[in-house]
Amino acid sequence: MLSFKNLTPTNGFDSNDLNNARQNNYAWSMSDLGDYIYVGTGRNIPVNIISAIVPGAPLPALIRPNPIDNLAEIWRYRKDGSLPWERVYKAPANSGIIGFRYMITHRPFGGNPCLYAATVGPKPQVLKSTNGVNWYILPDTILQGNSSRAMVVQKGKIYMSTISEQDQSAGAMLYSSPDPEFYPWESLINPDAPGFDPTKNPTGPIWNMEVFNNRIYVTVSDPNGAQVWRTNGPEPKLNDWTLIVDRGFGNPANVITLATGVFKDHLYVSVTKDLPLSWLIPRGCDIIRINKRDEWELVVGGNPFLPASKSASGLGSGFNNPFNVYAWQIREHKGKLLITTFDDSSNMQLILDTLLTNRVALEERIGATVTNILIGIYRTIVEILNAIRYPIGFDLYTSTDGIHFSTVFLNGLNNRNNYGGRILYEDSSKNLYLGTANPFEGCEVWKVNPKDWNPRPCNDDHYKALREIRNIIVKNFRIMNENMPAVLDFIPRHFTQKFC
């Protein structure tokens, strides 16, 4: 078997409608039921981001479908490859459901397995299917916010976190139910509850969850930097949480956690700088690990432009690469730790094209001189990336001890348009699948066999090759940092939560 087998002969699945297929940008969620794997998509991600920044703004051809259809879909594939991809669900018209961020398989009361898919849209909703073909939006009056963020199963219950995209002060929202078809969601964090103690409960938006050491761990955004909390027992209770890590893991600029995973008695957590600025001014992610005694250490991180001397691996932020703005998936598979990245280099051309497409509007907002400077910066970065033959596309790193990392590939599975390894999923038969984020052609799904890998040790090659780009960013950081917020001053901050 090949190390990587592409299961998507048509990017975005839909071979009968290529315009529809390319709008399935993200393999945003994945699960399996019986003989099939299921993928929930995210639709037109950069299109929706740009449209939120400037409603009605011209879209660069690089990402512009015609017509635009934002209604999310669920597709399935027979594991033995005997049947092609088939669509089993499309969001209803006017529902506003643009994606399915999470999908899990759960056996209510130990019975038959069911699929549950959580939405991104006007409000968080959960769909259920008992056969993978018929999907039902479950009635609900409890869930708050606008977007699902994470789901886990613990002690026979589904736990789900949501985020309010319009109200950043809404705080932590966490819910549980043994089966939301029959048992309404129970809200688990209520700041208005008698005796509520903010020092013993998470209070910020919950981005990720993981079950580790028979406890539930949540990662939280906070103005002073990202945090990690855990329950003191197997399930959440009022005033029964412990804060494990705060202040951005030693760097208050680290504000958003985008991946968690368990490997060899440690919980690994990645953290990212402020968005959307880190898309525009690339700064690499950091990764820590926490043991069962609540002790944590920096595994990857430090100065986003220089190799680190303080991290356990010796690797700086982004695995010595500022374009690795976040680690998007952290998973254990057959004794190996796997980490995929979002490689922002793919977006440099998109940012340049967007600046050029909206040049007149930008000149009116920030002036012709600054507009031309910004266009010149990104044009130079794009030229350098191409000149040094930078391997554009997301990276995959692996480790057998959780400290020393090797590279499996650095080029988005030989497709520069795959800017993210969005999902890693191990099915019930211990097969591993990788789903990509590709807003230019449509997502891909690959079957992975680490047994045949021949990974290479990480080194400084990226740092050396990117030295000129690093110098450009450092030299122009002030003007970029001062003017990009002006370009984005009316983008809702919640939009970053919806699309990462």
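Scroll up for the structure.
Residues numbered from 1 in each chain as written. Predicted model: local features only at pLDDT ≥ 70, side-chain atom pairs only at ≥ 80, totals over all residues. Heavy atoms only, no water.

1. Some thoughts on the nonpolar core
Of all hydrophobic cores here, the largest spans 27 residues; its most connected members are Tyr26, Leu275, Tyr326, Trp328, Phe342 and Tyr419. Listed by contribution, the elements that provide at least two residues to this core are strand 2 (24–33), helix 2 (45–53), strand 18 (254–263) and strand 22 (324–333). With near-sequence residues (within four places) excluded, Tyr326 lies in contact with Leu258, Thr272, Leu275, Trp279, Cys285, Thr340, Thr341, Phe342 and Cys500. Counting 26 residues, the second-largest nonpolar core is a separate cluster that includes Leu280, Ile281, Met348 and Ile472. (Core = buried A, V, L, I, M, F, W, Y, C linked by side-chain atoms within 4.5 Å. Buried < 20%, exposed > 50% of the residue type's maximum accessible area, 1.4 Å probe, protein only. Helix = DSSP H or I, 4+ residues; strand = E, 2+ residues; numbered from the N terminus. Contact = heavy atoms within 4.5 Å.)

2. Focus: the packing of aromatic side chains
Within this structure, the stated rule accounts for 24 aromatic pairs. Ring geometry for Phe342 and Tyr419: centres 4.9 Å apart, planes at 85 degrees, overall edge-to-face. Pair noted here: Phe342 is in strand 23 (residues 336–343) and Tyr419 is in the loop between strand 25 (406–409) and strand 26 (420–426), with a separation of 77 residues, a long-range link. Note on accessibility: Phe342 and Tyr419 belong to one class, buried. Counting every residue linked through ring pairs, the aromatic cluster contains Tyr26, Trp28, Tyr326, Trp328, Phe342, Tyr419 and Phe440. (Phe/Tyr/Trp six-rings, centres within 6.5 Å; stacked < 30°, edge-to-face > 60°.)

3. A word on the sheet that holds strand 16 (residues 227–231)
If you walk across this open sheet you meet the four strands as 14-15-16-17, and the pairing is antiparallel. Both edges of this open sheet fall to strand 14 (206–212) and strand 17 (241–245), since each of them pairs with a single strand only. Put simply, the sheet's adjacent strands are angled 25 degrees from each other on average, direction ignored. Bridge analysis of strand 16 against strand 17 gives four bridges, and the strand direction is antiparallel. Bridged to Trp229 within strand 17 is Leu243. (Pairing = 2+ DSSP bridges. Axes fitted to C-alpha atoms, helices over the stretch in contact; angles between N-to-C directions.)

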